[in-house]
Amino acid sequence: MFSSLFNMLTSPHIMGLMLIGVLIGIWVGITPGIGGRLSIALAIPFVFGMDMIAGAVFLLVMHAVNGTSGQISSIMFGVPGDGDDAATTLDGYPMAKKGEAGRALGASMTASGVGGIIGAGVFAVMIPILEPVILSFSPAEFFLLALLGITFIAFLAGGSNIFRGIIVGFYGVILATIGMDPQTGIARFSGDYLFLWDGLSLVTAVLALFAVPEMLALGIRGGSISGVSQETAKFSYKQIFQGVMEVPRHWWLALRTSIMGAVIGMIPGLGGSAAAWMCYGHAVQTSKHPERFGKGAVEGVIAPETASNAKEGGALLPTLLFGIPGSSGMAILLGAFLILGIQPGPTLLTEHLDLVWTLIWALVVGNIIAVSFLLFVARWAAALTFVRGSLIVPFVFVLVLLGAYINEGQWQNLVILVMLSAIGYGLLRAGWPRAPFVIGLVLGKIAEESLNKALALWGLNFFLRPLSLVLIGLITLTIAYAVYKGRKPSKMPIGQGMPV
Amino acid sequence: MKSTTFIMNLVMLAIFITLVSIASYYPPQARFMPFVVGIPAIVLCIVQIALDIRASRRKSLEVEDTRSDVVKAQDEVSRYAGRAVESEAATVDVPVMDMAGVPPDSVRREVILWTFFLSFVVGILLFGFWISIPIFLVTYLRKEAGLSWLRALLTGAIATGLLWLVVTKGLKVDLHEGFVITYLFDQLGM
């Protein structure tokens, strides 16, 4: 446990990568138009072939810290970078209007860091509790877990339109069957194209489904907040320090909302903005002066920020131990982990426990570095929110095409990228979720292998195993609940924003 | 029903039908997984088309949710808090573009962006990365970002130089040189 921390801290390579990951994560969080999901997709080609631990630490830290910097535009301009930051806007922006932008930023960044650290702690506590459950899983359960993963992420991303999410997930699974069939040696859906015999490039597919459509959409709509006055971006370090001290002053609230956020993050399908909303609601409920909320109460900044970042630690648990991503960002991260050779499931606990602990410590150390750095540069970092989308788009396109090529050194991947980008853009344009595709693609091979093993061991009786029945029940309940929600068109589902 | 949704349904249906049809020629073991996934997906596509058609008939009864992220957050936290939370942030009129999705009536912009993207890919395939990257960057920064020619040229040159250093010297990767360039080099005996 502590040896993982020592090894991490004494490795200049890992610490250097972590620092780069923190800086990129912060930049991505502040700059409008580039989300955490997109940054992971763009980074995957460059970690390909990297040492498993170093690559995983780099990607995880980059993903985990971009929420910490994301609230700058929410607080200073009332413009939430994404749904998670919207709850922070409710009190953060009124604070900024009262001339307390520095205090609000100090409180939100510290709360975010504290939430990230406690979230990692909750994950660590859950490992020995869940270990016997995970180790009892057989191939039958792993096949059903893959289906459950697709169902959960389809519900998370598509809400009441769960069928669309499942269709997209199955599209990912069927594309995962491209290439040489391990049982018969038949090249499926590959024809004479040798470059497809090893399967579809996961990097190319993720870039096509996420990065290209997002950049096309950003280029089309513009996407800058340059119309906001930069005058509001002025505040002193004294104000920031006052904000930092608000978190220890409200330590009990920060602790409660961090734990709540981490637990919500562990429940796949709930995720999204629900953690921030619930914890804000909890802060209002438990406050002696609830009438202050919405008018600049610092607790209204601390509660959603601790929850939002603690959720990442919680979401890592089902992602790593069950292969079920707790959020759409985690879905892409899971894909990246598989590319690095990290197989989710019991082998992580039996053979790579050091990696799990390293990732937990990376969350802790990454958050500390990010908060320390952001508190120092917050005054200048705000200027990044004024970057125009049209200045970002061409550089991201260059990185996307470099990434698609570098991964396998095949020019054909550029053609595949264009074809899949058309599908990805169609999904974005039609409002269909795209995250289930990644899960389908990354879990497809595991699902097929597990299904074949389960059938060989138990025949069709594997469906009747007790754990299998529980998982089948969960899949059925999730679909039934989504269909039920879909029949009530006037109600917005909790935790659902734009399909992702 | 949005026409893009309907078209997407048909595209997905066509993809699954095609893949399942191809898989039907494989030996039983090889076609098992494509069938396990593809056949239910075909059924789901058909169900989704039926649901969309039914939903379009009762569209007039539905109210589209046009609330901003902040207003949605305000409504949701009020629900969890059990009391109304009213924030000044929910009423402020911020001059900001929509930060998600694609605005309607943007076909012209879509054609322009796709043309840039496809031209860049074709350029790479024909002339290679190191010729196409600066041309794409300079053209995009000048035409779309509105930079002056001088600033666009400088930015394009610096960015290409940095990328060359990272990719060629740092990662030690040889990028695609382009079919036309390779052909010309072959003809010149280089």
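Rules used throughout
Residues numbered from 1 in each chain as written. Chains lettered and ligands numbered in written order. Predicted model: local features only at pLDDT ≥ 70, side-chain atom pairs only at ≥ 80, totals over all residues. Heavy atoms only, no water. Helix = DSSP H or I, 4+ residues; strand = E, 2+ residues; numbered from the N terminus. Buried < 20%, exposed > 50% of the residue type's maximum accessible area, 1.4 Å probe, protein only. Contact = heavy atoms within 4.5 Å. Buried area = accessible area lost by both parts, 1.4 Å probe. Salt bridge = Lys/Arg side-chain N within 4 Å of Asp/Glu carboxyl O. Polar contact = N/O pair within 3.5 Å; in protein donor to acceptor, adjacent residues only side chain to side chain. Nonpolar A, V, L, I, M, F, W, Y, C, P; charged D, E, K, R; others polar. Expected span 1.5 Å × (residues − 1). Axes fitted to C-alpha atoms, helices over the stretch in contact; angles between N-to-C directions. Parallel < 35°, antiparallel > 145°, perpendicular 65-115°, else oblique. Left-handed = near helix turned anticlockwise from the far one by under 90°.

Undergrad: Got a minute to help me understand unusual backbone geometry in this structure?
TA: Backbone phi values are negative for most residues with the exception of glycine, while trans is the configuration of most peptide bonds. All names here are of chain A. Although it is not a glycine, F189 adopts a positive phi angle of roughly 50°. Looking at where F189 falls in the secondary structure, it is placed in the loop between β2 (187-188) and α9 (202-221). Look at F189 and you get buried, because its relative accessible area is 13%.

Undergrad: Even after reading the chapter, I still don't get the interface of chain A and chain B, so can you show me in this structure?
TA: Interface size is commonly expressed as the accessible surface area that is lost when the partners come together. Between chain A and chain B, the residue contacts involve 98 residues of the former and 91 residues of the latter. It is F189, R221 and R429 of chain A in chain A that bury the most area against chain B; as a group they hold 9% of the surface buried on that side. Here E110 of chain B and R429 of chain A are joined by a salt bridge, their closest N and O atoms 2.5 Å apart. Across the chain A-chain B interface, the total number found is 10 residue pairs in polar contact (both at pLDDT 80 or more). For the side of chain A that touches chain B, the secondary-structure elements that each account for two or more residues are α5 (83-97), α8 (162-176), β2, α9, α12 (274-286), α17 (389-408), α18 (412-430) and α19 (435-458) of chain A. Class assignment for the residues of the side of chain A that touches chain B results in 65 nonpolar, 21 polar and 12 charged.

Undergrad: Please clarify how α8 of chain A should be interpreted in this entry.
TA: Note: α-helices contain 3.6 residues per turn, so residues at a spacing of three or four share the same orientation. The end-to-end C-alpha distance of α8 of chain A is 21 Å, a good match for the 21 Å that 15 residues give at a rise of 1.5 Å each. Among the 15 residues of α8 of chain A, 15 are classified as buried, and the element is accordingly described as predominantly covered.

Undergrad: Sorry, what's going on with the packing of α19 of chain A against helix α2 (residues 28-57) of chain B here?
TA: When two helices pack together, their arrangement is given by the angle between the helix axes and by the axis-to-axis distance. Look at α19 of chain A against α2 of chain B: their axes get within 11 Å of each other, and the N-to-C directions meet at 115°. Judged by the inter-axis angle, α19 of chain A sits roughly perpendicular to α2 of chain B. The interaxial crossing formed by α19 of chain A with α2 of chain B has right-handed handedness. On the side of α19 of chain A, the interface is formed by G444, A447, E448, L451, N452 and L455 of chain A, while α2 of chain B contributes F32, M33 and V36 of chain B. Per-class residue counts for the contact of α19 of chain A with α2 of chain B are six nonpolar, two polar and one charged.

Undergrad: What should I look at first to understand the packing of α9 of chain A against helix α4 (residues 107-127) of chain B in this one?
TA: Orientation of α9 of chain A relative to α4 of chain B, taken along the N-to-C sense of each, is 130°, at an axis distance of 9 Å. Of the possible angle classes, the one that applies to α9 of chain A and α4 of chain B is oblique. Judged by the twist between their axes, the crossing of α9 of chain A over α4 of chain B is right-handed. Residue-level inspection shows V212, L216, G219 and I220 of chain A of α9 of chain A in contact with α4 of chain B, the latter providing R109, E110, L113, W114 and F117 of chain B. In the contact of α9 of chain A with α4 of chain B, the residues fall into six nonpolar, one polar and two charged.

Undergrad: Mind showing me how you'd approach the pattern of salt bridges here?
TA: A side chain with one charge can pair with a side chain of the opposite charge if their charged atoms come near. All names here are of chain A. Per the counting criterion, the structure on display carries 13 salt bridges over all chains. E100 is the salt-bridge partner of R103, the closest N and O atoms lying 2.8 Å from each other. Take R103: its relative accessible area is 18%, and that puts it in the buried class. The partner of E246 in a salt bridge is R103, and the shortest N-O contact between them spans 3.1 Å. Taken together, the residues E246 in helix α10 (residues 237-249) and R103 in helix α6 (residues 101-135) connect sequence positions 143 residues apart. Taken individually, E246 and R103 each receive the classification buried, so the pair is uniform in this respect.

Undergrad: Please clarify how the environment of L320 of chain A should be interpreted in this entry.
TA: Tracing the backbone through its elements, the reader meets L320 of chain A in helix α13 (residues 299-321). Contact partners of L320 of chain A, with chain neighbours within four places excluded, come to F123, F337, P344, G345, L348 and L359 of chain A.

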